[in-house]
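Each chain, written out:
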Amino acid sequence: MRTPLIAGNWKMYKTEAEAVDTVRQLATAVADVTAVEVMVAPPFTALSAVAREANGTRVRVGAQNLFWESEGAFTGEIAPGMLTALGCTYVIVGHSERRQYFGETDGTVNRRVQAALSAGLIPVLCVGETEAQRDAGQTFSVLDKQMKIGLQGVSLKKPGDLVVAYEPVWAIGTGKTATSAQAQEVHRHLRERLGGQLTPEIAEGIRILYGGSVKPGNATELMAMPDIDGALVGGASLDADTFSRIVRF
Ligand code: PGA
């Protein structure tokens, strides 16, 4: 059985004080939820304070990115060990905004995935096609390439060590969600790919999240799909009450 994971990506929102306030409210709102795992990924500047506030609650903490070297002269970068030292459990890797605006490639995504795993962090590997790619019928070939290179050289001890997030780029922050059937078709395909790249047993246990305009109103239908094991939520995760309604899908 895969325990659903509802993850909030706070992107470049919230000061430290705002983030602490939100995670405090969220922890209270989900205190009785035992069947679903909850994670938030605040900006780096709020990570330490949010991790402290979340400690002992049902909320896990993740980072939005990491660098692959363990230390060195890499101005502006954050090492995996710095994240584990704060109590981070997860790290988002290869989000489409990083690919689009910050030159992230499948190759650098792969280095980050490997570095996260070596440090004992659970990477949330993001993949997804653009609208033009979908319209051109390239959805599966684009995803296959992202998965193939992104997971090159990776072998997992257990399925819980990796999370994959399918985030169609055309659905992020646009209010356009993939239909549950569209998402399920892709998730099924991704699980089959994972089976080929890793092992079928490991693939059965890996959680594949859907991301892209997830809201309280569409979470139930998406989460009812057999291969959708949670959500990566941007905009709707910024408010504790709204996000906790998604957690209670
Ligand atoms: P959104 O973002 O929920 O605001 O569409 C999702 C994401 O980018 O992870």
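The structure reproduced in this document is the subject of the present report. Please read these numbers as outputs of a predicted model, since none were measured by experiment. (Residues numbered from 1 in each chain as written. Predicted model: local features only at pLDDT ≥ 70, side-chain atom pairs only at ≥ 80, totals over all residues. Heavy atoms only, no water.)

1. Section: the overall build of the protein chain
When its secondary structure is counted, the protein chain shows 11 helices and eight strands. For 249 residues, the compact-globule estimate of 2.2 N^0.38 gives 18 Å, and the C-alpha radius of gyration of the protein chain, at 17 Å, lies within 12% of that figure. For the protein chain, the proportion of its 249 residues judged to be buried stands at 53%. For the protein chain, the proportion of contacts with a sequence separation of at least 24, taken over those separated by at least 6, is 72%. Accessible area for the protein chain stands at about 10,900 Å²; split by element, carbon and sulfur atoms hold 52% of it. Distance between charge centres in the protein chain, computed from 24 positive and 27 negative side chains, equals 2 Å. (Helix = DSSP H or I, 4+ residues; strand = E, 2+ residues; numbered from the N terminus. Rg over C-alpha atoms; globule rule 2.2 N^0.38 Å. Buried < 20%, exposed > 50% of the residue type's maximum accessible area, 1.4 Å probe, protein only. Contact = heavy atoms within 4.5 Å. Areas by Shrake-Rupley, 256 points an atom, 1.4 Å probe, with all protein chains shown as cover. Lys, Arg positive; Asp, Glu negative; His and termini not counted. Charge placed at Lys NZ, Arg CZ, Asp CG, Glu CD.)

2. Overview of the site of the ligand
The immediate surroundings of the ligand are formed by 13 residues, with K11, H95, E167, G173 and S213 found nearest. Take S213: an N or O atom from its main chain is 2.7 Å from an oxygen atom of the ligand. One of the backbone nitrogen or oxygen atoms of G235 is found 2.9 Å away from an oxygen atom of the ligand. Burial of the ligand by the protein amounts to 95% of the accessible area it has alone, namely 280 Å². Grouping the amino acids of the shell around the ligand by side-chain chemistry returns four nonpolar, seven polar and two charged. (Near = heavy atom within 4 Å. Polar contact = N/O pair within 3.5 Å; in protein donor to acceptor, adjacent residues only side chain to side chain. Nonpolar A, V, L, I, M, F, W, Y, C, P; charged D, E, K, R; others polar.)

3. Observations regarding the environment of S244
As for its placement among the helices and strands, S244 is situated in helix α11 (residues 240-247). In this structure S244 comes out as buried when scored by relative accessible area, which is 6%. For the pair formed by S244 and T130, sequence separation is 114 residues and the distance between their alpha carbons is 29 Å. S244 has contacts with L26, A29 and V30, leaving out every residue within four places of it along the chain. Within the local environment of S244, its side chain forms a polar contact with the backbone oxygen of D241, the two atoms lying 2.9 Å apart.

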